[in-house]
Amino acid sequence: MSAPTSKHLNRTTRSTALVAGAGLAVLALIGNSAAQAAPRNSGPGSVAVVNTETVSVYLSPLGDVESARVYEQLSFTGIGEVTVENPIEESGLRNLDEFGGYDVTDGVQTTTVDVDGAEHVRSVSTYTRDLPLEIGVDYLLDGVAVQPGDVVGATGNLTVTYTVKNVTGVPQEITYPDGEGNPVTSTAVVPIPLVGSLTTVAPAAFTDVRSDQANMAGDGKGGTKLSFTMTLFPPIGSDTAVFGYTADIRDGIVPEAAVTVLPVNPLDSPSFKAAGESYQGGAETGRDLVAGATEIDTNLLKLRDGAGTLLAGLIQLSDGADELEAGLVGKAAPGADRLAAGAGDLDAGLTRLDAGARALSSGAGDLDAGAGKLGAGAGKLSDGTTSALAGGKKLSAGLQQISGGLDQLADAGTGLPAANAGIDALKAGVDQILAGFGTTSQSGTLLNGLARLEAGLGELRTGSAQLAGGLGQLRGDGSAGNPGLVAAKGGVDQVQAGLDAAVKDGGSLDQLVGALQGVQVGVGCTGACGPTLAAIIDQVRGNKAALGEGNVGLKQVSGGLGQAIGALDTQLIPGAGQINAGLGDALAGATQAKAGAGRLQAGVLEVSAGLDQLQAGLGSAISGVLQLANGADAAVDGSGDLVDGLGLLDAGAGALAAGSGDLVAGTGRLAAGAEELAAGAGTASDGSGLLAAGAEELAGGLGAAADGSGRLADGLSKAAASAPALGDGAQRLSVEGMSQLVEAGSDTALNYGELYSVMSAGAQRADEEKMAYGAPEQAMGLTAYSFNLQGADGEGSRNWQRGLGGLALLGAGFGLVGLRRRLGL
């Protein structure tokens, strides 16, 4: 793709709007990101650096590139000095912030910025690299292909078709697993993932505007706004997007269109991340399908082999069934008859044994119940004495601790008596605090100082109010009742105006000189009158010069009075009001402080009364502690005797519990043995009855078994004949079913694996090649591309016609001038 030309177009307004739109698109990608970079930061804080590149391209109405520029902006946020090296385009480089250039070496701009908050460095260059898009536009008027100029002024049905192609694709090897997890390598065309939109506005003269791809809305001016969204990368979209609209036009034009595209990582973008996960999941599902179908196929082959083994077993089983039938008929039936007779005799004897065992079990049960009660009582007695012994020991230890604690409380050096001295010292400190509070009339106390402060603030506030009134009178308003500085300045201005009128050329002084000179000439003064008038005239002229200089001083006085009035209006009078308000707040605070000091004084008095009560209660506590100490000593002695007695009781209870336990165990075993004997006898009796009945049933069943064994032999012969079909079916299911399922799963894994690998490779290109020129190290870099498709409205040809008409008139004018000269006119 060829690089764009550097043809200069004067489109300042359009460039500004386009760059602003692209900049907003780039900022939309930043979102609430707090990504920061601070390359070579030497300041006390950190500096975040963001580099944005906006490539602005102007296209003809057919999509041919006419000019391209790249706008660079470095944004610094934070505190400190930072130096960055930013890759930049040198061709046509201009500084957009100030006059002067940049320090650029081999395409790298080196910039050092001292940041305190936020700083920006902006530039523009001629874009010389390949553009990521090729854009083409086709126009049909009433179904016939036309040029953009043919649409201007035309009436009919217009069809506009835009073709936008992502041309960043390059062949690249990608690797992904097949259905069995083995790596597969193939070559695919991988473009940089781009997303964007094309926006245009059909004017009010375009009616019945239709589009199957656009989002449409009114523009508020009678026109129709159309917006086309583009996803220009596979596999989610395509590298080429084709879309457009139709409209009925009258006095037609070709509207402008704006295309904005941005690089995007589809694996990070919320809009496309789910699709990537779906492709990855599809590949994994394909591999799972291959694994499952392979396992089923293996089992089918085992089923085929097992069918052969089953056939051999069925043949052997058929032979055994024939032998079973012969044995049942010849030998088993007579033995079953004899077994039935013996079982009857055994049943009668076991019945008598069962009755005796039941009587023995009943007596053993009564003995066991009595021994159990004895054991339970002995156990409870042992547990109780053990618990009582443990509690007695704890009681003794606790009483000893209480006795020791009471001795410590009664100690005169460290116990409650010593606390009495501390209370006396605390009360003396409280008395000093109360003396410091004093009264409002007692000099040198807190309440007296607050009262004096309150009175002084009141006097200051009165003085500030008088000051504000005096400043107002000093200013005045120029009236008779309140003249002030305003009236003084008015008087000075009037004097100054009079002097201006007197000293100006032709003024009253010049008129006086003229009148004196007229008198001198008219009267014809000679002798002494002539020199006198001449001296008067010279004196008037000298006074004119002196009055002129005096007038300058009056102007300075007038200016000074104006400044004084301004200072009174803007500073002194408002300041006096603020001082008065502040003194009012201070006076209120002093009043509150005095009231708070009174409340604090009352609280200290309550603390003093509480200390008196505490001291009285302490004396009572000391007496009680002495009495408790005496009682605790007696309780300690008694608890020792209690522990000794409980120890003897616990030993006896333990021996009783052990003996009763042995008795319970013996009677339990006796009762259990009797019950087992009774149960066994009963079971044997029941079993003998069943044996007798079973023997009879066996005799009858052997005949039926003989008949059944014959039928079994016939069935096994039929099963052996059908068994080969089972192996054949398993073989067909393996070949015709599972093999195709394995192939389908492998194709699924390969297809989705390739799609996900293409998407991953594109995501990697988006991360590595998202910048047109690159960003400084550790800085956030963002790039947007804006393409402006120019419209056609006939203004260019009209301007050309106007220019030719002007040249024609100019030529006619020159011709008339030459003709006049030739004719001597």
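Above this text you will find the structure in question.
Summarised in this report is the structure supplied together with it. (Residues numbered from 1 in each chain as written. Predicted model: local features only at pLDDT ≥ 70, side-chain atom pairs only at ≥ 80, totals over all residues. Heavy atoms only, no water.)

Below, the discussion takes up the environment of Leu453. Assignment of secondary structure puts Leu453 in helix H5 (residues 446-475). The class for Leu453 is partly exposed, based on a relative accessible area of 44%. Through-space distance from the C-alpha of Leu453 to that of Ala590 is 6.9 Å; in sequence the pair is 137 residues apart. (Helix = DSSP H or I, 4+ residues; strand = E, 2+ residues; numbered from the N terminus. Buried < 20%, exposed > 50% of the residue type's maximum accessible area, 1.4 Å probe, protein only.)

In this section: the nonpolar core. For soluble globular proteins, the rule of thumb is that nonpolar side chains tend to be buried together. Among the nonpolar cores identified, the biggest contains 45 residues, and Tyr127, Leu133, Tyr162 and Phe787 are the most heavily contacted of them. Filtering out sequence-adjacent residues up to four positions away, Phe787 remains in contact with Val57, Leu59, Leu131, Pro132, Leu133, Ile135, Ala257, Ala258, Val259 and Val261. (Core = buried A, V, L, I, M, F, W, Y, C linked by side-chain atoms within 4.5 Å. Contact = heavy atoms within 4.5 Å.)

This part covers the environment of Gly598. Looking at the secondary structure, you find Gly598 in helix H8 (residues 529-769). For Gly598, a relative accessible area of 28% puts it in the partly exposed group.

With that settled, consider H5. Given a rise of 1.5 Å per residue, 30 residues ought to cover 44 Å, and the 43 Å separating the end C-alpha atoms of H5 matches this to within 8%. Restricting attention to buried positions, one finds in H5 the residues Leu447, Asn448, Leu450, Glu454, Leu457, Ser464 and Leu471. Positive backbone phi, at 65 degrees, marks Gly476, one or two positions downstream of H5. (Expected span 1.5 Å × (residues − 1).)

Let's shift gears to the environment of Gly179. Looking at the element boundaries, Gly179 is found in the loop between strand E9 (170-177) and strand E10 (183-190). In the structure, Gly179 is positioned 565 residues away from Ala744 in sequence and 9.3 Å away in space, judged by C-alpha atoms.

Relative to strand E5 (residues 108-126), strand E2 (residues 65-87) is paired through 19 bridges, and the arrangement is antiparallel. Note that in E5 the partner of Thr83 across the bridge is Thr112. As defined by bridge partners, strand E4 (residues 103-105) adjoins E5 across three bridges and the pair is classed as antiparallel. Each bridged residue has a counterpart across the sheet, and for Asp103 the counterpart in E5 is Thr110. Counting the residues in the hairpin turn of E4 and E5 gives two residues, including Asp106, whose phi is positive at 55 degrees. (Pairing = 2+ DSSP bridges.)

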